Amino acid sequence: MNLRIGKKIIELRKTRGMTQEQLAAALGVTAPAVSKWETDSSYPDITLLCPLARALGTDVDFLLAFEEDLSQEKLGQYMVEIITLAREGKVQEAEEKLNGLLHTYPANIPLKFSATAVLSFFEMSTPECKPEDKQRWMKLKKELAWAVHDDGNPAYYLPSVSMLVSLALAEEDLEKAEELLKETVTDTGDFTTLWVQLYIKKGEREKALETVQRRLYQLVGEVRTCLMSMLGEDLALDPDRTTEACCALQKLDDIFHVGGGIGVGLFAEVYLRAGKTKEALEYLEKLAEQLTKEMDPPNPLLFAPAIVPGPEQLKWSKEIRMVILHSLEKDACLEPLRSEERFQRLTKKVADSLENK
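Just so it is clear, the model here is predicted, and its values are computed rather than measured. (Residues numbered from 1 in each chain as written. Predicted model: local features only at pLDDT ≥ 70, side-chain atom pairs only at ≥ 80, totals over all residues. Heavy atoms only, no water.)

Caption draft 1: Geometry of the environment of Ala 332. Within the secondary structure, Ala 332 is located in the loop between α18 (318-330) and α19 (341-356). Along the primary structure Ala 332 and Leu 291 are separated by 41 residues, whereas in three dimensions their C-alpha atoms are 22 Å apart. (Helix = DSSP H or I, 4+ residues; strand = E, 2+ residues; numbered from the N terminus.)

Caption draft 2: Geometry of the nonpolar core. By size, the foremost hydrophobic cluster in this structure holds 37 residues, and its most contacted members are Leu 231, Leu 284, Leu 328 and Phe 343. Of all elements in the fold, only α13 (205-230), α14 (239-256), α15 (263-273), α16 (277-290), α18 and α19 reach the threshold of two or more residues within this core. Sorting elements by how many residues they give to this core places α15 first, with 7 residues. With near-sequence residues (within four places) excluded, Leu 328 lies in contact with Leu 284, Leu 334, Arg 338, Phe 343, Leu 346, Thr 347 and Val 350. Counting 22 residues, the second-largest nonpolar core is a separate cluster that includes Leu 75, Leu 101, Tyr 105 and Cys 129. (Core = buried A, V, L, I, M, F, W, Y, C linked by side-chain atoms within 4.5 Å. Buried < 20%, exposed > 50% of the residue type's maximum accessible area, 1.4 Å probe, protein only. Contact = heavy atoms within 4.5 Å.)

Caption draft 3: Layout of the environment of His 103. If you trace the backbone, His 103 turns up in helix α7 (residues 91-104). Note on His 103: relative accessible area 54%, which makes it exposed.

Caption draft 4: Quick peek at the pattern of salt bridges. Under the criterion given, the structure shown has 27 salt bridges. Salt-bridge contacts for Glu 95 lead to Arg 136; the nearest nitrogen and oxygen are separated by 2.7 Å. Placement of Glu 95 in helix α7 and of Arg 136 in helix α9 (residues 131-151) is noted, with a sequence separation of 41 residues between them. Of the residues examined, Arg 136 reaches a relative accessible area of 36% and is grouped as partly exposed. Residue Glu 171 is joined to Lys 142 by a salt bridge in which the shortest nitrogen-to-oxygen separation is 3.1 Å. Of this pair, Glu 171 sits in the loop between α10 (154-170) and α11 (174-181) while Lys 142 sits in helix α9; the two residues are 29 residues apart in sequence, bridging distant segments of the chain. Under the relative-accessibility criterion, Glu 171 is labelled partly exposed at 41%. The network of salt bridges with shared partners includes Glu 95, Asp 133 and Arg 136. (Salt bridge = Lys/Arg side-chain N within 4 Å of Asp/Glu carboxyl O.)

Caption draft 5: Focus on the packing of aromatic side chains. Enumeration over the complete set of coordinates arrives at 7 aromatic pairs. Taking the centre distance of 5.6 Å and the plane angle of 55° together, the rings of Phe 122 and Trp 137 count as tilted. Taken as a pair, Phe 122 in helix α8 (residues 109-125) and Trp 137 in helix α9 lie far apart in primary sequence, 15 residues in all. A relative accessible area of 3% means that Trp 137 is categorised as buried. Taken together, Tyr 217, Phe 256 and Phe 303 form an aromatic cluster joined through their ring pairs. (Phe/Tyr/Trp six-rings, centres within 6.5 Å; stacked < 30°, edge-to-face > 60°.)

Caption draft 6: Focus on α8. The first and last C-alpha atoms of α8 sit 24 Å apart over 17 residues, in line with the 24 Å expected at 1.5 Å per residue. Within α8 the residues assigned to the buried category are Ile 109, Pro 110, Leu 111, Lys 112, Ser 114, Ala 115, Thr 116, Val 118, Leu 119, Phe 121 and Phe 122. The N-cap of α8, judged by a side-chain oxygen 2.8 Å from the amide nitrogen of Leu 111 a few residues on, is Asn 108. (Expected span 1.5 Å × (residues − 1). Polar contact = N/O pair within 3.5 Å; in protein donor to acceptor, adjacent residues only side chain to side chain.)

Take a look at the structure:
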């Protein structure tokens, strides 16, 4: 049980569109005094409770009421009950139950966030709802999303931004949508789709395309990393899984041309571990051949103009070729191949590429 008068004052004040200064003026106190109430550093004098309640559009009982904590388990049960009512066509009853919960737990952020999803469900489940119902749900959803956003809870902040951006785009408030999206620049959430929607609405289709292409390039790189990790000796996957991962990585490289084709060296190691020296040699020969010419650029049909590497970026660096040559000459796993004439030729080819450069 917690007395959370500070959060209640903040929420009610913002709902009424009041600043701390305006509320202070209405009560004849200073703005710093209101600030202390809202942070629970101090509490309003008893003589101010009635005027404070009136100014905030509520009553003293609500301001002073102890708020019972709402567990995640209980919250989930409530949401199921409300959605079940809506599915049964009892949307009015479901809405009343939701509003009752919001009134009982006015400072509960998980409840507010869940309520935004439930309000969206009301709209989807009742396509023939009255316009005034739709407007009321939308208004409440927006208020709740802003409350979650302003609270700053890390678990709900980015989802609240996503929801508010979607609402702003639906209302053609492109300035607000862009302002919100800029809050996410340093975060890890994926807002690509929302950025694309914003650019398209602004008529900036080239920016929309480049945004998609950069995200695609990043995702392909992440998928390649995952597949290469699956091929590592530490995981010790069974042959079928390893072969499938090899095939997937090969197809990925064939389509997107990301990574310069360096994956063939890993394929050689995989086949060598499986005792397939012929296949291992074939992939090592492919690797040696690739090191003597420029890399293929990332698939231009998918990545240009966002990703267009310069000529120098398509050349194998001396450092990379030296590392590969060292592996060919020293790695213990390649020892069974060193007596093979084909292996000696491909090793010489890599060495010659260093001298020629």
